[in-house]
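Residue-level structure breakdown
Listed here are the chains, written in short residue letters.
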Amino acid sequence: MTTKPILFSSPMVRAILEGRKTVTRRPVKPRRDWEIGESKDGSPWPYFRPYVYAEPEPIEVPSPYSVGDLLWVRETWAAADMMYQNHELDVPRVIAYRADHSAIDQGLSRQVPIPDWDTASWNWDAFRWRPSIHMPRWASRITLEVTSVTVERVQDINDEDAIAEGAESIGHFCDLWDSLYGDDSPYSLGRNPWVWRVAFRRVQP
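Please read these numbers as outputs of a predicted model, since none were measured by experiment.

Every other side chain in a regular strand lies on the same face of the sheet, so the side chains alternate between the two faces. Most of strand β2 (residues 23-27) is tucked away, with five of its five residues classed as buried. Burial along β2 is two-sided: V23, R25 and P27 and T24 and R26, pointing in opposite directions, are all buried.

As structure tokens, then:
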């Protein structure tokens, strides 16, 4: 079991918080000449045939995710201390989250919203929002446990799994995928790339 970060957009963070998102798909990388073989338990698994004459046999591509792994979510955030207490700390005490306009006071509890501040009155547009990629572990409020990992083509998604992805439909999922990877990417929907299908459940950080 390992612990590692994972990025989610604000709409997907909201879907996780609301219990609507329990699955995520991530491209299998690198992507060149792929085949599907069988892993030791007989399940399908991606193999990569490298252009190296000394290694003519397919090489198994290890998944970056394993059952039991803990994934701490990176999302867009801000240090509310800078705005409302007018001082700086090495580790800000109050963390604001753009996805749902909520904040937590780390001095009280990482999971309990601030009781004495009316966050609805805050000027959320004035915050110095920090990209999700720059979120440190101590600022993360969501931890996910991987419950299954499989591999499939991205276009193999069905209606039920599109909803489990936090989308409203397959069409909505396709729009979300294209917004992330575009038309020219090797991971574009039209190229139907192999993806890791990672199911998870939310746990306490």
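Before going further, it helps to spend a moment on the sheet that holds strand β11 (residues 194-203). Ordered in space as β1-β6-β10-β11-β2, the five strands form an open sheet in which the pairing is mixed. A single partner strand is all that each edge strand has here, and the edge strands are β1 (3-7) and β2. Sheet twist, expressed as the average angle between the axes of neighbouring strands with direction ignored, equals 45°. Pairing geometry for β2 and β11, over five bridges, is antiparallel. Considered in β11, the bridge of R25 is made with R197.

Among the residues of helix α1 (residues 10-17), those classed as buried are M12, V13, A15 and I16. Buried residues in α1, looked at end-on, bunch into an arc of 160°, giving them a common side. For α1, the elements touching its buried residues are β6 (70-74), β10 (143-153), α4 (170-181) and β11. Taken from the residues just after α1, G19 is the one with a positive phi, measuring 80°.

Attention now goes to the packing of aromatic side chains. By the definition in use, this model includes eight aromatic pairs. With 6.3 Å between their ring centres and 70° between their planes, Y181 and Y187 make a pair best called edge-to-face. For Y181, a relative accessible area of 22% translates into the label partly exposed. One aromatic cluster is present, formed by F173, W177, Y181 and Y187 through successive ring pairs. The ring of F8 carries the charged tip of R26 above its face, separated from the ring centre by 4.9 Å. Over the ring of W194 we find R153, and its NZ or CZ is 4.1 Å from the ring centre.

Here is what the cut-offs are and how they apply
Residues numbered from 1 in each chain as written. Predicted model: local features only at pLDDT ≥ 70, side-chain atom pairs only at ≥ 80, totals over all residues. Heavy atoms only, no water. Buried < 20%, exposed > 50% of the residue type's maximum accessible area, 1.4 Å probe, protein only. Helix = DSSP H or I, 4+ residues; strand = E, 2+ residues; numbered from the N terminus. Pairing = 2+ DSSP bridges. Axes fitted to C-alpha atoms, helices over the stretch in contact; angles between N-to-C directions. Arc of directions from axis to C-beta. Contact = heavy atoms within 4.5 Å. Phe/Tyr/Trp six-rings, centres within 6.5 Å; stacked < 30°, edge-to-face > 60°. Lys NZ or Arg CZ within 6 Å of the ring centre and 35° of its normal.

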